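Analysis of the macromolecular model
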Amino acid sequence: MNLNATLIGQLVSFALFVWFCMKFVWPPIIKAIETRQSQIANALASAEAAKKEQADTKLLAEEEISKAKVQAQEILDAANKRRNEVLDEVKTEAEELKAKIIEQGYAEVEAERKRVQEELRLKVASLAIAGAEKIVSRTIDEAANNDIIDKLVAEL
């Protein structure tokens with residue numbers, strides 16, 4: 001009986017140990033495992049959400065970059081168009097100014113030509129009178145013959 005009593009004692013001790021573990025040791029271990037599982041599940045869910053958010057953000061950023069490129073191209077096209085318009089306006093203004101300057105130059109040349117022509121007429125008239133005086137050997141009174149001089153100037 002000794003063997004049986006020892007065996008029964010061991011079985012009872014083992015049963016008491018199992019009961020003690022199930023009552024006091026096992027619940028905190030199970031709770032810690034469940035808490036850890038919950039934390040891991042939450043971390044995985046957060047990681048998945050962050051990954052999805054990153055993909056959405058990347059897609060949104062690519063769309064914004066694409067819109068910005070289109071807008072930048074539109075701005076460049078508008079700037080080039082405006083530049084060409086300004087260049088055309090400046091060319092037109094320059095051509096008008098050039099024509100005006102040339103016309104003014106021609107007018108000045110014509111006025112100078114007329115002034116020089118009138119001056120030459122007066123000099124020729126004076127030379128003609130001087131020559132006539134020498135030929136006639138007498139001095140012609142300019143005050144008395146202004147009418148003749150004016151006619152000579154008009155004819156020249």
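In this text, all values refer to a predicted model and were calculated from it rather than measured experimentally. Position numbers for residues start from 1 in each chain and track the written sequence from start to end. Totals for whole chains, interfaces and linings use all residues, but because this is a predicted model, local features are given only for residues with pLDDT of at least 70 and pairs of side-chain atoms are given and counted only at 80 or more. Only heavy atoms go into the side-chain values, all of them from the structure, while hydrogens and water stay out.

**Things to note about the UniProt feature "transmembrane region" (unreviewed entry) in the chain**
Rule in force here: UniProt positions are given in the numbering used here, feature names are shortened, and annotations may be inferred rather than shown by experiment. Secondary structure is summarised from DSSP: a helix means a run of H or I of at least four residues, a strand means a run of E of at least two, and numbering begins at the N terminus for each.
Following the UniProt record, one finds the feature "transmembrane region" (unreviewed entry) at residues 6-26. Overall, residues 6-26 shows 100% helix and 0% strand. The separation of its end C-alpha atoms is 27 Å.

**Re the pattern of salt bridges**
Spelled out, the test is: Criterion for a salt bridge: a side-chain nitrogen of Lys or Arg within 4 Å of a carboxyl oxygen of Asp or Glu. Only protein chains enter the accessibility calculation, which uses a 1.4 Å probe; a residue is then buried when its area is under 20% of its type maximum, exposed when over 50%, and partly exposed in between.
One pass over the structure, following the stated rule, counts eight salt bridges. Residues Glu85 and Arg82 are paired through a salt bridge, measuring 3.4 Å at the closest nitrogen-oxygen approach. You can see Glu85 and its partner Arg82 sitting in helix α1 (residues 2-136), three residues apart, about one turn around the helix. According to the relative accessible area criterion, Arg82 is partly exposed, its value standing at 43%. In this structure, the salt-bridge partner of Glu118 is Arg121, at a minimum N-O distance of 3.5 Å. In this pair, Glu118 and Arg121 are both assigned in helix α1, three residues apart and thus about one turn of the helix distant. The class for Arg121 is partly exposed, based on a relative accessible area of 23%. Several salt bridges converge on common partners, so that one network encompasses Glu112, Arg115, Glu119 and Lys123.

**Comments concerning the packing of aromatic side chains**
Here is the rule we go by: Paired rings are identified among Phe, Tyr and Trp, the last through its six-membered ring, by centres lying within 6.5 Å, and are further divided according to the angle between planes into stacked (under 30 degrees), edge-to-face (over 60) and tilted (the rest).
All told, the structure shown has two aromatic pairs when counted by the stated rule. Aromatic side chains Trp19 and Phe24 sit 6.2 Å apart centroid to centroid with 90° between the ring planes, which places their arrangement in the edge-to-face category. With a centroid separation of 5.2 Å and 45° between ring planes, the pair formed by Phe20 and Phe24 is classed as tilted. Highlighted residues: Phe20 and Phe24, both in helix α1, separated by four residues, approximately one helical turn. By relative accessible area, which is 41% here, Phe20 ends up partly exposed. A residue is classified by how much of its surface remains accessible, and Phe24, at 46% relative accessible area, is partly exposed. Taken together through their ring pairs, the aromatic side chains of Trp19, Phe20 and Phe24 make up a single cluster.

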